[in-house]
Every structure is written in C-alpha cells, then in structure tokens.
Amino acid sequence: MPDELNAKGYDIPPEMQNTVAITTLDKLYNWGRRYSAWPMMFGLACCAIEMIATAASRFDLARFGMEIMRPSPRQADVMLVSGTVTKKMVPQIVRLYNQMPEPKYVVAMGACASGGGPFKEGYNVVSGIDKFLPVDVYIPGCPPTPQALLYGLMKLQEMMDKQSIKSVRWYQKGDLPEIPVPILGPDLIDPRDYPDFEFKLRQAYAEKTEEEAS
Amino acid sequence: MTDTTLVAEHPLLERFPEGVTPDERKGYEGFIVAADRLVEFATALRDEFGYDYLSSVTGVDYLPDGKMEVVYHAYKSTGGGALVFKVQVPRENPVVPSLVSVYPGADFQEREAWDLLGIRFEGHPNLKRILMWEGFAGHPLRKDWKEAYFEEEKKPFGSRWPGGAVHRAEDENPFGKNVVYPPDFDPEKWTPVGDEALYAGLREFKKDDDLKTEQVVVNLGPQHPSTHGVFRMVVTLDGETVVRLEPVMGYLHRNHEKIGERNTYLMNIPFTDRLDYLSSMSNNWGYVQAVEKLLGDKIQVPERAEYLRVIMAEFTRIVNHIFAIGTLLNDLGAYFTPMLYALEERELILDIFEAVSGSRMMCNYFRFGGVARDLPPGVYEKMRDLVFERLPRKIDELDRYLTENEVVRARCEGVGVLTPEEAIAFSAAGPVLRASGVPYDVRRADPYGIYDRFEFDVAVRYHGDVYDRYLIRLDEIRQSIRILQQALDQLPEGDVIFGSPKYSMRVPAGEAYGRVEGPKGELGFYVVSDGSANPWRYHVRAPSFINLTALSRMCEGDKVADAIIILGSIDIVLGETDR
Ligand code: SF4
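What you see is a predicted model; the values in this text were computed from it and never measured.

It is worth spelling out the confidence of the model for chain B at this point. All names here are of chain B. On average, chain B scores 85 in pLDDT, and the residues at 70 or more come to 94%. When the criterion is pLDDT under 50, residues 1-5 qualifies, and its contacts beyond four places in sequence or with other chains add up to eight contacts. For this predicted complex, the interface score ipTM comes out at 0.87, alongside a pTM of 0.89.

Laid out in structure tokens, this is it:
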C-alpha cells in the first residue's frame, strides 16, 4: 500500500504495512481519481503536438496514470485545451465540455488557451477558454514544454487531493447547470450576454461616435 | 527567378495585343489582364505556353487606389520561374471571372479570396465562405475592416505600456471580449446559418439504379481523433462507398494574414513558426526569402548561414515526414506504437533545434540576411552523429517494419489514386504531387538558397496512391539525409548574419513571391510592400490548404474508412490549412 494512502496517527505494524492501510474515504476516493484522470484526445493547435510528445516515450504521461486518451468526451475526465480557441470552434468545445460526465476538469495549455496568446487580436480568436469554461489549471508557454505540461498535470492532481466528497459539486443536490453553447452570428454570440446585450451594443456605438468626434 | 526583363517583349503580348499589358508599377512584375479576357488568357497560358501549374491565387486590397487586385502565379510543371498575372477591378463591386474551369486548383483559393476580401468570382461552382462561417459580418482582410480589438493600423502600437501601465484590449470592449456586432443587430431574432444548407447540398445526389438504397450523410470532425486537428469532412455515403466529400475548414483560422499586415516585417517571423507547427524552420525560410527578394541586393546571406539554413530545413523535413508516417500508421489502426518510434527520432532532432534556437518547436531562427545564432558547442558533433550514424539506421528500421507489412499494403495500395494530370490541375504540391509521378520539387525546379550545390534526387513515385505517398516520404527522408551529409561536410566558418541584426527596416516598395519546398509542398509567401515598416499585403500559399482541393477527388469511390487514411496521406497541418 502506498504511504500516501495512510491517514496520519495510526500505527500499522511493520509486517502488515504492505497489506493494510487505515485511511479516510476522501483519501481513497482521491487516490483512485488522481491516477486515472484520463485526458480527452482533443488537439486544437500547435500545443497539441507537445501534448502528443508528452504522451510519447521520452516524457511518458503513463507515469501519472493519464496515458489513456479518450476521443469520446463521455469517457474523459480532463479536457486539455491544447491550442488556440477560435470562434468557429468554441461552440463545439463547449458542447464537448457539456458532454463530459462529472467529475471533470479543464486545463488551459499554453498562451492561447489561457488568454488568446500571440493571436489574441485576431478577429476569429477567443481570448482564452476561460471566457466560457471554468479552468482549473493554466499552463504558460507557447507551447509549454512537455515538462511544463507534466507539472501542470501534477498541480491538477494536487488539486484533486484536496477535494472532499462532502463538498464537491457533483455530489450536491440538484442538477448541474450546463454551459450555454455560443452561437455563430455576425460575430460570436454568448447567450449569457442576452440580458444586457442591447445596452452594451448601444454603449459600443456611443463610444465609437465619441471617438470619431474627438 | 522570374523573367522580369522579358516582360516587355513577351510573346504573350503578341498573342494578346489587347487586354494584356505589362505591369509597370515600380517593383512589380508580370501582366495585367482585363477581366473579360482572363479565362481566354489563362487557357492560352496553360495550353499554348505550358504554364500548367497555377501555384497561388490571392487578392490585394489597394484601398488608396480604390482597386482590388487578384494576383495569379503560374508555373510550368517542367520547372522554371513564375509567370505573374493580375486582374484589377473596382473596389465597390469586385467581380472577377473564376478560373476553376481552367485550373481546378484555384477552387479553394478563390473561395478564400471571396471570404476574406469579398471578391466575387463569377462562374465559381461553389462560392461559399471557407475559413469564416456563413453569416459572419464583413470581409476581414479588407483594409477598412477593423477587428474588435483594433487599436492602430500598424505596430508597434503607441498604446503599449502607456506610463508603464498594462493595457488590456478586453477592458476597452463593452462586451469584455473579442466581439463586435453591426449596430442594428438583435441576437434574439438571429437564426444562425446552420449546417443544413451544407448537408442539403450533399443529399441532392440521386442514384438511378433499381436498388432503392438511400444515401447517408456522415459528418467527421471537427473533433475527431483521425482528422489531425480540427478538420471536418462531410461525406455522402452509398453503403460504405464515398459518393461525395466536402471538406469544411476554418476551425483554426487564426487570422495570420490580418495580424501579419499589422506587424512589422520582423515580427512576422515567429508567426510563421505557427503556420505548419511541425516544420517551423522551413516556414521561416519561405517568408524570409520573400522579404529578401524585396530587399534585393541590399542584403546578402553569408555562406555559413546559407548552409545552416539548408541543414535546419532538411532536419525539419525529416521531422515532418517521420511524424507523417507515424500518424498515417495511427490512422491505419496501428495505434501509437509506430508513432512512438517516430517520435523518438523527432525528439533527438528537436534537441538540436532547441540548442540552436532556444525552443523545441517554435524556432524563430531565420532572420533577414542570415540566421539568428550560430551553433552552440557540441551541436555540430551531435548532428554528425545523427546524420551519419543513427538516422540512416533508424529509417531502414522503420522501412523494414512497415513497408512490406501486409496490412499496410492491403489498406494502402490502389487507394486514393490521383493521376499526374489531376495532380497538376489541382495544384497539388510536395509529396502528393511527386507520388503521382510528377517530379516537381522547387529545390530543383526553381532553386533557391544553395540547393544547386548539392547532389540529391528528386524522389518520385508513379501510382499516386496512399502507399506511394507513404513510400515517397521515406525516399525523401533518405534524400534529406544525403543533403545533410554533404552540408555538414562542407559547412564553412564565418558570420551567420549579414551586418548587425536590426529591429526595423525599410523594405522598398514592390511585390515579391518567395517559395520554398516545404515538407508538405510548395510553401509560398506573397508580400506587397508600400515602402513602410509593415507589409501592405502578406499572403501565405499554404500547401496543406491547397492539397486538400484534391481530397474529394481522391476519396470518391473509395470506402469511408479509406477517406481517413487518404487524408492522413496528404499530411495536413491545420495551423497551415486555416492560418
Ligand atoms: S500557445 Fe503558442 S504553441 Fe500553443 S497553440 Fe497558441 S500559438 Fe500554438
């Protein structure tokens, strides 16, 4: 039994240390989850290539129990957003996220996924996936090296360790809300903007005319 | 090398005494053709003058002159320089006859020009948006179109670090993100132009045999494990046979060209890294070459830098092809094991890239007039070891494991055939073109750098199927190793960059088209300079993008499972396809 499983304060006789662990339910639960966090096989751009390199022999993601990448969101635990999120793609990403069963985590890999990166000013680029999805770990870099990705995933594991069955969102009463899927209009529309859309639109054009006047 | 001097007395002018004039703007080349003579001109060019390969089609918005220009670069598939011709139309109503009937390879490129510049191509069979979605407001590459985060026309922006404070574009935007809408837009009333139109178009095909079978439309992607990124194919199936295939792209359209036209010349080099992100070194080269052409004799590349360029570009080719073979095997179902072999070698080459440039993938290594850094100590020996000892052995190993494998042969032979005539007509490039029996390699056909000094063969295969496209990549790796061996033996001492590195520079007004034989095919950069510190027009002729024009032809009649490997055998990278 790995030491990390034991709860503090219990003496286990040496001859039984290989077979018995005294632990808490939380610890056991998290221990199981942290070593089987399957990423979704999902590459967006350049960062995906480093993700593949991380999964391959030299860096070997399997050491962390994450070697099984699942193309289906139904079987995935971690969404590694590896690359530039474009407006044309983001409806699909949100839909994929909604399709993932809980518990689910989002890792923003690289500058683009974290905040738009070098392409931020582009007209088809979303300034970071956190505009739509709740991100758990951000990994800086363009692209992050495989070492950086591994470090980010270790941070994610640390985060899992700290969670408790009592308080995790997926064991609370009631349904978990889905994230509304953005719509491709004359530009990207986020349905969450509907309530004050008109106001903001007016504001945008008021500013513009002001600018032109000055 | 273009025949600029010959333009004034070119036989084409005799053939077309009217409607064709030499382009006499300073720094420009080629001919200006009247829009109504374009199709006739292009047909003559192809049939009488031998310019059968239309490499690039793109538009330029000359806002101050109120003109839109469409620029065509045609080549002979037997080699030689470009013949450039242009059509100028008024900006308010830009309509140009489509050349798809003469050069089918113009298909996607014309759609792109329509999408991004709003130039309408009359007679185009399927003039829809290609990179942005239907319903998007405006044509973003027009010079008067402004993105949501627009600050100033040209970089470096004066607004950066005003008084040391950080300035974030989203704080300025009323929506807090990168969006802008027309003033009268009401989202509640908006019905998105969905995929129905796309699917309906595909369902039209009726079969008229007695068996009342129904055709099915199947959507693959953009999230699909075998599409090499965010690519999407919509296929119409009759049973398992592909009747029609429509590629849908733009899911990674990162506005490379718009950003590139705001950037200074130097700023664009790291952006080219991110085009075909598997082969950043050769992307650098294409762009640097175009700008060096504009600079003319203001700049000379030192000998050592020329060699380093060749060395890096050939290593890149090996990295790319080995990766392509790995992913192709993935697509064939040999999940990840061949990939692991491929990636092992790739890592060793990436170590070299990291040592010389500081980054594994995004090397940003080329500069105007040379390369950024010299080799650090120990790297030369490492390269020698790889090139003379390890790589040849490993490539033979890969060859031994895969080439005669029964499954590989059964799945690949005779699948996805592209005939040489079709390959040329569709403007296919690189391994796709050469696997169809056309020995066209820019390194030989229109040599650049110092490629004329090396001994190597242009790899060519003749069946035009997936198997040959696999084999040709092995052949090319071997040829690259040959070039590398010579280059490493001859590598001279000396400077690696011309003069001292400069941040900003004046590029004389004019146009230039630089092209290199990238691992995926002919990679071209069309740059127009207006004499300022930023390019007026910056266009990328992306081989991944244009090679896809032939995809549906290759897939028709094959099984749906084969469509996956046919796509794999073209070897696309989405960063370059969508830009
Ligand atoms: S962060 Fe850099 S490497 Fe990653 S997707 Fe963005 S541009 Fe590519």
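A separate point is helix α10 (residues 337-357) of chain B. Across its 21 residues, α10 of chain B extends 30 Å between first and last C-alpha, which sits within 8% of the 30 Å expected from 1.5 Å per residue. One or two residues past the end of α10 of chain B sits Gly-358 of chain B, with phi positive at roughly 95°.

Contacts between the two partners involve 55 residues from chain A, matched on the other side by 64 residues from chain B. Contact with chain B buries area across many residues of chain A, yet Glu-121, Tyr-123 and Pro-186 of chain A alone supply 16% of it, more than any other trio. For the interface between chain A and chain B, the tally reads six salt bridges. Residue Arg-58 of chain A is joined to Glu-347 of chain B by a salt bridge in which the shortest nitrogen-to-oxygen separation is 3.2 Å. Those elements that provide at least two residues to the side of chain A that touches chain B are α2 (46-55), α3 (90-99), β4 (183-184), β5 (188-189) and α6 (197-213) of chain A. Residue composition of the side of chain A that touches chain B, by class: 32 nonpolar, ten polar and 13 charged.

Turning our eyes to something else, we now look at the side chain of Asp-475 of chain B. Residues and elements named next belong to chain B. As for its placement among the helices and strands, Asp-475 is situated in helix α16 (residues 466-490). Here Arg-461 takes part through its side chain, which lies 2.8 Å from a polar atom of the side chain of Asp-475. Contacts of Asp-475, omitting those with residues within four sequence positions, involve Ala-459 and Arg-461.

Let us look at the sheet that holds strand β5 (residues 83-90) of chain B. Residue and element names in this part refer to chain B. One open sheet accounts for five strands, arranged β1-β2-β5-β4-β3; its pairing is mixed. Pairing within the sheet leaves two strands with one partner each, and these edge strands are β1 (20-22) and β3 (53-62). Each strand axis lies, on average, 25° off the axis of its neighbour in the sheet, ignoring direction. Examined bridge by bridge, β3 and strand β4 (residues 67-75) share nine bridges and lie antiparallel to one another. Among the inter-strand pairings, Gly-59 is bridged to a residue of β4, identified as Val-70.

Rules used in this analysis
- Residues numbered from 1 in each chain as written.
- Chains lettered and ligands numbered in written order.
- Predicted model: local features only at pLDDT ≥ 70, side-chain atom pairs only at ≥ 80, totals over all residues.
- Heavy atoms only, no water.
- pLDDT = per-residue confidence, 0-100.
- Contact = heavy atoms within 4.5 Å.
- Helix = DSSP H or I, 4+ residues; strand = E, 2+ residues; numbered from the N terminus.
- Expected span 1.5 Å × (residues − 1).
- Buried area = accessible area lost by both parts, 1.4 Å probe.
- Salt bridge = Lys/Arg side-chain N within 4 Å of Asp/Glu carboxyl O.
- Nonpolar A, V, L, I, M, F, W, Y, C, P; charged D, E, K, R; others polar.
- Polar contact = N/O pair within 3.5 Å; in protein donor to acceptor, adjacent residues only side chain to side chain.
- Pairing = 2+ DSSP bridges.
- Axes fitted to C-alpha atoms, helices over the stretch in contact; angles between N-to-C directions.

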